[in-house]
Amino acid sequence: MRRGLLAVPVAVLALFFAYPVTAIVGRGLKVEGDWQFGRIGEVLSRPDILDVLWFTTWQALASTALTLLIALPGAYVFARFDFPGKQVLRAIVTVPFVLPTVVVGTAFLALLGRGGLLDELWGVRLDTTVWAILLAHVFFNYAVVVRTVGGLWSQLDPRQEEAARVLGAGRFAAFRRVTLPALAPAVAAAALMVFLFTFTSFGVVQILGGPAYSTLEVEIYRQTAQLLDLPTAAVLTLVQFAAVGGILAVHAATVRRRERALKLVDPAQTSRRPRGVGQWALLGGVLLTALLLILLPLGVLVERSLDGPGGYGFGYYAALQSVGAGGSSTFLVPPLEAVGNSLRYALVATLIALVVGGLAAAALTRRAGRLVRGFDALLMLPLGVSAVTVGFGFLITLDKPPLDLRTSWILVPLAQALVGVPFVVRTMLPVLRAVDDRLREAAAVLGASPLRAWREVDLPLVRRAVLVAAGFAFAVSLGEFGATVFIARPDNPTLPVAVARLLGRSGELNYGQAMALSTILMLVCAVSLLLLERIRTDRSGEF
């Protein structure tokens, strides 16, 4: 029965993920039907490609280390302290994680770029430098560490560390010998996820890095869309696929070790108000970090969207309602229509992701056999495999009957749903595994069909998890850019694509409209997250 549930997810991922990616790789590495694997060595020996590989790796390592350094104090504060506004602050620090990378790049461009806040105050520009990329990556991944490590930290019994101190260990020694080993798997899992997101970074590097910096994902886009060099793009796709596969394998092993080794307590038993000057100072430092790292870039983004040539107002927002404002021929429709397009696409993508991810999570509820466990890992691949490759693959594979979808509107939601499925599975799976099997067995004994047992037993228990999964899927679908940039039609652009096109053109009006659209996209994502936070339960999982 459970393997039968996998039929739909397997078919969807095979047709709309594996097939396009394989087709792109085949186009690049095949000559007259014969595989030319020698091209792999040729491409990887090129100095420019080696520079891209080196930069991709070291910036991901640097971003991960910097994120851990800045976010671990925040994880401790959320885990151990109880203070007014804690839930609001938790939602605020999570907003960047669901923001599209295009918005993140735009916000830091408004803060660090030409004419940005730092440029106006001190004449300092950090755009087209690696520091802008690193800071944006910390901004984007801060919540990954805070919520992954903090979620576990809040469930560790503090009495174990207190007992070590009673026996003579100092504060640091007790933490190093008792708490840190227990947290190590969670820290490692968070670090691996941050490394994965920064290793495959696209929108942030493209906007802030300029021509001097290129990650694998950016280079795949350049080789595919600008140079039409499919062999090089195919090799880079394979390299990224292998790297992501290794990262996910290590991540899966880390998560399994964490689940086996720890005995957890109710988080309500471990949280208390700060005591003493040191703890209040730590709380103040975390609040200051949230202000400077998270709220300041977003605030500057909003300010720039309102700062028009004639003073503050909604001039840039008004310009979004017309085609070709300021002499721009970027769009065939008013840019504001991208808002409605994105909302419609994201709603359909969310529905697809819930169906596919929900069926996959139901099938994975019981760890039955290597095939099912292997599929669990494969479901994460869309997060790491080049979205650029998937989008371009859609164009060259889904262009013939019976799947001639190249001109169909459904192509965009399908690409967005691929990114949403892993979030649905990761959100619903822990809750489904917590449902007592005896309830399902009792329903079956009373004559309920499997479908009715799911509707009457599982669904009421996992309803909140479904809503949380839908919120995450909607947010990430709304912000998907790498694949959508290839397949969104000029008369139906999405918000991230519209922002990128406006930023790609010179002129104050185009820049202001990009800031306005980014602000709209940020607000939609933030509202989605706040609604998600209201329905989230402590046992729904942190991510």
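Note that the structure is predicted; figures quoted are calculated from it, not measured. (Residues numbered from 1 in each chain as written. Predicted model: local features only at pLDDT ≥ 70, side-chain atom pairs only at ≥ 80, totals over all residues. Heavy atoms only, no water.)

Counting secondary structure elements, the protein contains 25 helices and six strands. Relative to all contacts within the protein whose residues are 6 or more apart in sequence, the contacts with residues 24 or more apart total 79%. A total of about 23,800 Å² of accessible surface is found on the protein, and carbon and sulfur atoms cover 63% of it. (Helix = DSSP H or I, 4+ residues; strand = E, 2+ residues; numbered from the N terminus. Contact = heavy atoms within 4.5 Å. Areas by Shrake-Rupley, 256 points an atom, 1.4 Å probe, with all protein chains shown as cover.)

Looking at the secondary structure, you find Gln-59 in helix α4 (residues 47-80). Given the relative accessible area of 0%, Gln-59 is considered buried. A distance of 3.2 Å separates a polar side-chain atom of Gln-59 from the backbone oxygen of Thr-56. Other than its neighbours up to four places away in sequence, Gln-59 contacts Ile-133, Leu-134, His-137, Thr-198, Phe-199 and Thr-215. (Buried < 20%, exposed > 50% of the residue type's maximum accessible area, 1.4 Å probe, protein only. Polar contact = N/O pair within 3.5 Å; in protein donor to acceptor, adjacent residues only side chain to side chain.)

Let's shift gears to the nonpolar core. Ranked by internal contacts, the top residues of the largest apolar core, which has 167 residues, are Leu-99, Phe-394 and Leu-517. At 16 residues, the largest contribution of residues to this core is made by helix α8 (residues 130-153). Contact partners of Leu-99, with chain neighbours within four places excluded, come to Val-104, Phe-139, Phe-140, Leu-298, Met-522 and Cys-525. (Core = buried A, V, L, I, M, F, W, Y, C linked by side-chain atoms within 4.5 Å.)

Positive phi, close to 65°, is recorded for Thr-128, a residue that is not glycine. With respect to the secondary-structure elements, Thr-128 resides in the loop between α7 (117-122) and α8. Classification of Thr-128 by relative accessible area gives partly exposed; the value is 41%. Unusually for a residue other than glycine, Leu-228 sits at a positive phi of about 55°. Its place among the elements puts Leu-228 in the loop between α12 (216-226) and α13 (230-261).

Here the focus is the environment of Leu-53. Following the sequence through the fold, Leu-53 ends up in helix α4. Taking C-alpha positions, Leu-53 is 9.2 Å from Val-239, a pair spaced 186 residues apart along the chain. Setting aside anything within four residues of it in sequence, one finds Leu-53 in contact with Leu-44, Leu-216 and Val-239.

We now examine the layout of surface pockets. Quantified by volume, the second largest pocket comes out at close to 1,200 Å³. Forming the boundary of the second largest pocket are 44 residues, of which Leu-109, Gln-206, Ile-207, Leu-503 and Gly-504 lie nearest the centre. At the level of elements, α4, α6 (101-112), α11 (203-208), α12, α24 (495-503) and α25 (508-535) are the ones that each hand at least two residues to the lining of the second largest pocket. (1 Å grid on protein atoms, 1.4 Å probe; cavity = no way out; pocket = protein on both sides within 12 Å on 5 of 7 lines; lining within 4 Å. Points joined across faces, edges and corners; volume = space filled by probe spheres on them.)

This part covers empty space enclosed by the protein. According to the stated counting rule, one finds seven cavities of 30 Å³ or more in the structure shown. Within this model, the largest cavity holds a volume of roughly 580 Å³. In terms of lining, the largest cavity is formed by 31 residues, of which the most central are Thr-101, Phe-140, Phe-197, Leu-383 and Val-419. Within the residue set of the lining of the largest cavity, elements represented by two or more residues are α5 (86-98), α8, α10 (171-199), α11, α18 (381-384), α20 (411-434) and α22 (450-479).

Turning next to the pattern of salt bridges. Applying the stated rule across the entire model yields six salt bridges. Of the charged contacts in the structure, one is a salt bridge between Asp-48 and Arg-46, with a shortest N-O distance of 3.0 Å. Residue classification places Asp-48 among the partly exposed positions, given a relative accessible area of 33%. Residue class for Arg-46 comes out partly exposed when judged on its relative accessible area of 26%. Among the salt bridges present, the one from Arg-222 reaches Glu-219, with a minimum N-O distance of 2.8 Å. One end of the pair, Arg-222, and the other, Glu-219, are both in helix α12, three residues apart, so they sit about a helical turn from each other. (Salt bridge = Lys/Arg side-chain N within 4 Å of Asp/Glu carboxyl O.)

Enumeration according to the criterion identifies 16 aromatic pairs in this entry. On the numbers, 5.2 Å between centres and 65° between planes, the contact of Tyr-76 with Trp-153 is edge-to-face. Residue Tyr-76 is located in helix α4, and its partner Trp-153 is located in helix α8; the two are separated by 77 residues in the primary sequence. A residue is classified by how much of its surface remains accessible, and Trp-153, at 8% relative accessible area, is buried. Ring geometry for Phe-202 versus Phe-481: centroids 5.5 Å apart, planes at 25°, classification stacked. One end of the pair, Phe-202, is in the loop between α10 and α11; the other, Phe-481, is in the loop between α22 and α23 (484-487), with 279 residues separating them in the sequence. Neither residue differs from the other here; Phe-202 and Phe-481 are each classed as buried. (Phe/Tyr/Trp six-rings, centres within 6.5 Å; stacked < 30°, edge-to-face > 60°.)

The next thing to look at is a nonpolar patch on the surface. There is a patch of nonpolar side chains on the surface, built from Leu-288, Leu-291, Leu-292, Leu-295 and Leu-296 and spanning about 420 Å² of accessible area. The residue Leu-292 is located in helix α14 (residues 276-306) in this model. For Leu-292, a relative accessible area of 49% corresponds to the partly exposed category. (Patch = residues over 30% accessible without salt bridge, like charges linked within 9 Å, V, L, I, M, F, W, Y side chains within 5 Å.)

Burial of α12 is extensive: eight of the 11 residues sit out of reach of the surface. Those residues of α12 that sit buried are Leu-216, Glu-217, Val-218, Glu-219, Ile-220, Tyr-221, Gln-223 and Thr-224. One or two positions beyond α12, positive phi appears at Leu-228, with a value near 55°.

An ideal rise of 1.5 Å per residue puts 18 Å on 13 residues; α5 measures up with 19 Å between its terminal C-alpha atoms. For α5, every residue scored as buried is listed here: Lys-86, Leu-89, Arg-90, Ala-91, Val-93, Thr-94, Val-95, Pro-96, Phe-97 and Val-98. (Expected span 1.5 Å × (residues − 1).)

A few words now on the confidence of the model for the protein. Confidence in the prediction for the protein averages 82 pLDDT; 88% of positions are at 70 or higher. Across the protein, element-level confidence peaks in α4 with a mean pLDDT of 93 and bottoms out in helix α1 (residues 2-5) with 61. (pLDDT = per-residue confidence, 0-100.)

The geometry of α6 relative to α14 is characterised by a closest axis approach of 8 Å and an angle of 80° between their N-to-C directions. The orientation of α6 with respect to α14, classified from their angle, is roughly perpendicular. Contacts from Val-103, Thr-106, Ala-107, Phe-108, Ala-110 and Leu-111 of α6 reach α14 at Leu-293, Leu-296, Pro-297, Val-300, Leu-301 and Arg-304. Taken together, the residues of the contact of α6 with α14 sort by class into 10 nonpolar, one polar and one charged. (Axes fitted to C-alpha atoms, helices over the stretch in contact; angles between N-to-C directions. Parallel < 35°, antiparallel > 145°, perpendicular 65-115°, else oblique. Nonpolar A, V, L, I, M, F, W, Y, C, P; charged D, E, K, R; others polar.)

Now for the side chain of Thr-350. Locating Thr-350 in the fold gives a position in helix α16 (residues 337-363). Residues contacting Thr-350, with those up to four places away along its chain left out, are Ala-470, Ala-473 and Phe-474.

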